[in-house]
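Chains, contacts and geometry: an overview
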Amino acid sequence: MRAAFLVPRIGSGETATITYQRGGLRRGVYRDWPAYFYSEGIIGLARHAGRARVSGRLAVLPDYAELGSLPFVDSFLHPHRTLWEVSSKGDGAEFYGVREYRAGDPLRHVHWRTTARRGELAVREFEREVGAPLVLLLDNRAGGDRERDVEVLDSGARLAASMAYYAVHTGHPVLMAATRGGEVETFRVGAFPEALRWLAFLEPEGTMGPAIQARLLGRELASGCFFCCITPAVDLDVEGLEAALPPMCRMSLVLIDASSHPHNGSPRRIPSPDHLLEALSRRPPAGLYSVSIYRKGDDIRKCLEEPLIIFARSTPHVRSRIPSR
């Protein structure tokens with residue numbers, strides 16, 4: 001949509017900065033906004049009109065829900081040890097070793113015996129337990145209907161962002177993966193805003209299914225990690241996906257109902273994921289913890305906090321009756 005601005009007189013060599021806020025843009029990256037300029041001079045005697053291509057890039061980040069819980073991650077305690085600098089805020093859990101003193105290290109951590117032997121300050125170093133890594137695989141395959149593909153990917157990005165937000169803030173390392181340029185691209189999340197920017201740049205361009213993507217991830221999938229696949233569940237090879245995961249890996253599936261998303265009138269019929277949910281409830285693969293279904297307009301928080309099926313018990317716990325179609 002258009003936006004008009006009144007710019008005061010700009011003298012020779014001066015600059016003017018215009019800032020405004022706009023809404024209605026969907027997730028993605030927008031480049032080179034067209035701009036039109038019109039001037040009437042000081043008293044309106046001289047008129048000039050022109051058009052310029054504004055060089056810039058606008059990244060619209062996906063929306064997300066701040067989850068209060070994530071059963072898939074909360075139900076298991078798989079601690080991983082990592083080095084914890086004593087100069088950081090807080091103390092570690094167990095003794096790791098001794099190193100040279102650095103500016104900012106608390107004096108209470110000085111190891112006096114080593115200091116006396118070396119003749120220079122040495123401090124104790126600690127390690128702490130962090131949550132098991134969470135791998136989020138976002139299925140961004142192109143299905144042939146551009147409008148629907150973008151809508152489905154937008155939903156997947158919101159789901160992935162919500163899970164990443166919870167995992168990062170509860171101490172779990174997060175690795176995100178999707179297809180870009182014909183290859184599987186991975187992104188290790190540091191600060192949460194970085195995850196949002198990475199998701200903003202994703203396009204529905206993949207051709208490989210999640211099973212192939214998981215195999216290509218290889219060493220990125222550590223034994224004992226949490227693995228969540230966010231997928232429209234079209235041609236999903238669950239057995240191949242299970243075989244690609246390392247030992248002791250717990251898997252969760254978040255199925256996006258592509259048939260509930262808008263499309264441009266494509267005659268291709270997209271099946272509902274209900275049939276896959278029913279098959280999984282009868283014969284769940286080993287390592288599968290939960291299955292959720294997201295339909296356009298659903299509450300993301302409820303979708304992720306209350307999975308439809310949880311397989312952690314001896315018999316699957318079904319939250320609601322599986323619809324038959």
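Above this text you will find the structure in question.
Anyway, here's the lowdown on the structure attached to this text. (Residues numbered from 1 in each chain as written. Predicted model: local features only at pLDDT ≥ 70, side-chain atom pairs only at ≥ 80, totals over all residues. Heavy atoms only, no water.)

For the rest of this paragraph, the subject is the environment of A59. Structurally, the position occupied by A59 is in strand β2 (residues 48-60). C-alpha of A59 to C-alpha of R26: the two residues are 33 residues apart in sequence and 9.7 Å apart in space. Apart from the residues lying within four places of it in its own chain, the contact partners of A59 are G28, V29, R197 and F201. (Helix = DSSP H or I, 4+ residues; strand = E, 2+ residues; numbered from the N terminus. Contact = heavy atoms within 4.5 Å.)

So, on to the packing of aromatic side chains. Applying the stated criterion to the full structure yields six aromatic pairs. Centroid distance Y64 to F192: 4.9 Å. Interplanar angle 75 degrees. Geometry classified as edge-to-face. Taken as a pair, Y64 in the loop between β2 and α1 (71-74) and F192 in helix α4 (residues 192-200) lie far apart in primary sequence, 128 residues in all. Residue classification places Y64 among the partly exposed positions, given a relative accessible area of 28%. Overall, F192 belongs to the buried group, its relative accessible area being 7%. Plain terms: the ring middles of F187 and W198 are 5.9 Å apart, the flat faces sit at 10 degrees to each other, and that makes the pair stacked. Highlighted residues: F187 in strand β8 (residues 183-189) and W198 in helix α4, separated in sequence by 11 residues. The partly exposed category is assigned to F187, whose relative accessible area is 21%. Linked through ring pairs, Y64, Y165 and F192 together constitute an aromatic cluster. (Phe/Tyr/Trp six-rings, centres within 6.5 Å; stacked < 30°, edge-to-face > 60°. Buried < 20%, exposed > 50% of the residue type's maximum accessible area, 1.4 Å probe, protein only.)

Next up on the list: the pattern of salt bridges. Tallied over the entire structure, the rule returns 11 salt bridges. When the shortest N-O distance is used, the salt bridge between D154 and R26 registers 2.7 Å. With D154 in helix α3 (residues 146-169) and R26 in the segment before β1 (28-39), this pair connects stretches of sequence that are 128 residues apart. Take D154: its relative accessible area is 6%, and that puts it in the buried class. In this structure R26 comes out as partly exposed when scored by relative accessible area, which is 33%. For D139, the salt bridge goes to R141, with nearest N and O atoms at 2.7 Å. (Salt bridge = Lys/Arg side-chain N within 4 Å of Asp/Glu carboxyl O.)

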